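Coordinates in review
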Amino acid sequence: QVQLVESGGGLVQPGGSLRLSCAASGSIFSIYNMGWYRQAPGKQRELVASITSGGRTNYVDSVKGRFTISRDNAKNTVYLQMNSLKPEDTAVYYCNCNAESFILSRRDYWGEGTLVTVSS
């Protein structure tokens, strides 16, 4: 089993920055892709950014040039640096990883979410 714990959400003014962190723990054998999703009120959950174990990244068009995803494989942690935040970035952000534990076969895991509010 793998647990994901997110941190770093909060209230920020438009144009500001936040850094989200997500640490994976448990009986981890290997972590493959890691990523961040978000869900705004009344909208479907969408992929914001993802990163492979080798460091290849992917971003949704609306955050390109403003958000940066990174990971520390030694710490089983993924980060999302969010700059130039806009009100439309307001959402609950969820951490996701595709991982294999010593008990369970490879599957997706989710964090509980952290709220990001961009407002003046």
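Shown above is the structure to which this text applies.
Residues take numbers from 1 onward in each chain, read along the sequence in its written order. Reporting of local features is limited, given that this is a predicted model, to residues whose pLDDT is at least 70; pairs of side-chain atoms are given and counted only at 80 or more, and all residues count toward the totals for whole chains, interfaces and linings. The basis for every side-chain value is the complete set of heavy atoms in the structure, and neither hydrogens nor water enter the calculation.

Adjacent strands of a sheet pair through backbone hydrogen bonds, lying either parallel or antiparallel. A strand pair is defined by DSSP finding two or more bridges across the two strands. Only DSSP runs of H or I reaching four residues or more are called helices, and only runs of E reaching two or more are called strands; each is numbered from the N terminus. What the 4 strands build is an open sheet, ordered β1-β3-β8-β7; its pairing is antiparallel. The outermost strands of the open sheet, each flanked by one partner alone, are β1 (2–7) and β7 (67–72). Sheet twist, expressed as the mean angle between neighbouring strand axes with direction ignored, is 15 degrees. The pairing of β1 with strand β3 (residues 18–26) spans 6 bridges and is antiparallel. Directly across from L4, in β3, lies its bridge partner A24. A fitted line through C-alpha atoms represents every axis, and for helices the fit uses only the stretch in contact; the resulting angles, taken between N-to-C directions, go from 0 to 180 degrees.

Its place among the elements puts T114 in strand β11 (residues 114–118). Here's how the labels work: a residue is buried when its accessible area is under 20% of the maximum for its type, exposed when over 50%, partly exposed in between, all with a 1.4 Å probe on protein chains only. Judged by relative accessible area, T114 falls into the buried class, the value being 12%.

So, on to the pattern of salt bridges. For this document, the term salt bridge refers to a Lys or Arg side-chain nitrogen within 4 Å of an Asp or Glu carboxyl oxygen. A full pass over the atoms with the stated rule returns 4 salt bridges. For the salt bridge of E46 with R38, the shortest nitrogen-to-oxygen distance reads 2.7 Å. Judged by its relative accessible area of 30%, E46 falls in the partly exposed class. With relative accessibility at 7%, the residue R38 sits in the buried group. We note a salt bridge from R38 to D89, for which the minimum N-O separation is 3.0 Å. Here D89 lies in the loop between β8 (77–82) and β9 (91–101) and R38 lies in strand β4 (residues 28–39), a separation of 51 residues in the sequence. Exposure class is identical for R38 and D89. Each is buried.

Moving on to the nonpolar core. Only buried residues count toward a nonpolar core, which is a set of Ala, Val, Leu, Ile, Met, Phe, Trp, Tyr and Cys residues joined through side-chain atoms within 4.5 Å. Grouped together as the largest cluster of nonpolar side chains are 31 residues, with contacts concentrated most on W36, L80, M82 and Y93. Counting only elements with at least two residues in this core, the list comes to β1, β3, β4, β5 (46–51), β7, β8, β9 and β11. Ranked by residue count, the leading element in this core is β9, at 5 residues. Note on definitions: a residue-residue contact is assigned when non-hydrogen atoms from the two residues lie within 4.5 Å. Residues contacting M82, with those up to four places away along its chain left out, are G16, S17, L18, L20, R66, F67, Y93 and V116.

This part covers the pairing of β3. Inspection of the sheet shows β3 paired to β8 by 6 bridges, in the antiparallel sense. Its bridge partner lying in β8, L20 is registered against L80.

With that settled, the discussion passes to the state of the cysteines. In plain terms, two cysteine sulfur atoms within 2.5 Å form what is called a disulfide here. Evaluation of the coordinates by the stated rule reveals 1 disulfide. Covalently, C22 is tied to C95 through a disulfide, its sulfur atoms 2.1 Å apart. Its S-S torsion of approximately -85 degrees makes the covalent link between C22 and C95 left-handed. Within this pair, whereas C22 is found in strand β3, its partner C95 is found in strand β9, the two being separated by 73 residues in sequence. Just as C22 is buried, C95 falls in that class too. For the unlinked cysteine C97, the closest cysteine sulfur is that of C95, found at 6.4 Å. We classify C97 as buried; its relative accessible area is 0%.

That's the geometry; what it means functionally is another story.
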